[in-house]
Amino acid sequence: MYYWNQDNFDGLKQIYHHFIDDPYFALYAEYCHFRESGLRKIAFKKLEEFIQNCKKLDVSTQRNIVITLMDIIYNHLSIHQLSSEPLNRYVIKVLKDWMATGDQDIQPYQWLGYLCQDIEFYRKALELDPHQQFCLIQLVKSHLKQVDWQTHHLDLSFLIGELTHAYDHLTQAHALIDKIDQSSERHKLEIEYRYFTTLLNAWENYQNSKMDSSFSLWCKDHHIDFNEYITIYYSN
């Protein structure tokens, strides 16, 4: 039954066993249990009960619950059924209400940036703490993701958008990487940054050469390591 979704179901079971005796998270644990069991309707009933119970608690307790939820979700990405639209709406409301108080805590900005996929929240968090590692890393990933998108058709000798825009994203990514502490995460980002820098420089030289051959062949002729992207088309 579990096949490709094994990690998700095993993870739901682990979360259930970890939180079932927690007075604040017991209903959420039951939600995980019924999701793992495939009883979606009952699971969402438990989730709604969990949300309604949370709303009755004082603001400070609700914030702590939301931060715990975000830690669970972020640190268990393979368990993709940990959250849902109703829970996201509740969490976002708590975080936005928290942010609106003018509190200098960066956590609402950090998690709103993650949940809403809005880098402006990361930037606001960095105004409060310029060295906040999570937000720095997420911003770098956002800039590199943009370059990745612009270059993902270079195997067809086609750059999406303006080259100057791609270089600008790389420049911003580099400035942010310099602020990240030495770690395996920084190392991976540095490798990705160097790859895209090499790729864009090669593309610029290819364009200036006005060669008739494809970009892939041009790179091969110039001994440049260029990993062609494989475009997969999904059909119904």
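Structure: above.
Residues numbered from 1 in each chain as written. Predicted model: local features only at pLDDT ≥ 70, side-chain atom pairs only at ≥ 80, totals over all residues. Heavy atoms only, no water.

**Student:** I'm lost on the layout of surface pockets in this one. Help?
**Tutor:** Taking a probe equal in size to a water molecule and rolling it over the atoms shows the remaining empty space. Estimates place the volume of the largest pocket at around 380 Å³. Lining of the largest pocket is provided by 18 residues; of these, Q117, Q138, K141, S142 and K145 occupy positions nearest its centre. Where the lining of the largest pocket is concerned, the elements lending two or more residues are α6 (107–116), α7 (119–128), α8 (133–151) and α10 (184–209). Of all the elements, α8 adds the most residues to the lining of the largest pocket, at seven residues. In terms of residue class, the lining of the largest pocket is built from seven nonpolar, five polar and six charged. Of the voids in this model, the second largest pocket is the one considered here, and its volume is about 160 Å³. Lining the second largest pocket are K55, V59, Q62, R63, Y90, K93, V94, D97, W98 and T101. Residue assignment for the lining of the second largest pocket shows that the elements contributing at least two residues are α4 (59–75) and α5 (85–100). Looking at the lining of the second largest pocket element by element, the count peaks at five residues for α5. Classifying every residue of the lining of the second largest pocket gives four nonpolar, two polar and four charged. (1 Å grid on protein atoms, 1.4 Å probe; cavity = no way out; pocket = protein on both sides within 12 Å on 5 of 7 lines; lining within 4 Å. Points joined across faces, edges and corners; volume = space filled by probe spheres on them. Helix = DSSP H or I, 4+ residues; strand = E, 2+ residues; numbered from the N terminus. Nonpolar A, V, L, I, M, F, W, Y, C, P; charged D, E, K, R; others polar.)

**Student:** Explanation requested: the packing of aromatic side chains in the structure shown.
**Tutor:** To describe a pair of aromatic rings, one takes the distance between the centres and the angle between the planes. Enumeration according to the criterion identifies 19 aromatic pairs in this entry. The interplanar angle of 70 degrees and the centroid separation of 5.9 Å between the aromatic rings of Y31 and F44 together place this pair among those described as edge-to-face. Pair noted here: Y31 is in helix α2 (residues 26–37) and F44 is in helix α3 (residues 40–55), with a separation of 13 residues, a long-range link. Using a relative accessible area of 0% as the deciding quantity, one classes Y31 as buried. Accessibility expressed as a relative area gives 22% for F44, which makes it partly exposed. Note on Y114 and F134: the rings are 6.4 Å apart at their centroids and 65 degrees apart in plane angle, and the pair reads as edge-to-face. In this pair, Y114 is assigned in helix α6 and F134 in helix α8, connecting sequence segments 20 residues apart. Assigned by exposure class, Y114 and F134 land together as buried. (Phe/Tyr/Trp six-rings, centres within 6.5 Å; stacked < 30°, edge-to-face > 60°. Buried < 20%, exposed > 50% of the residue type's maximum accessible area, 1.4 Å probe, protein only.)

**Student:** I keep staring at the packing of α5 against α6 and nothing clicks. Help me out?
**Tutor:** Packed helix pairs are specified by the crossing angle of their axes together with the interaxial distance, meaning the distance between the axes. Direction vectors running N to C along α5 and α6 enclose 145 degrees, while the axes themselves pass 9 Å from each other. Along this stretch, α5 crosses α6, giving a crossing that reads as left-handed. Contacts between α5 and α6 involve N88, V91, I92, L95, K96, W98 and M99 from the former and Q107, P108, Y109, W111, L112, L115 and C116 from the latter. Split by residue class, the contact of α5 with α6 holds 11 nonpolar, two polar and one charged. (Axes fitted to C-alpha atoms, helices over the stretch in contact; angles between N-to-C directions. Left-handed = near helix turned anticlockwise from the far one by under 90°. Contact = heavy atoms within 4.5 Å.)

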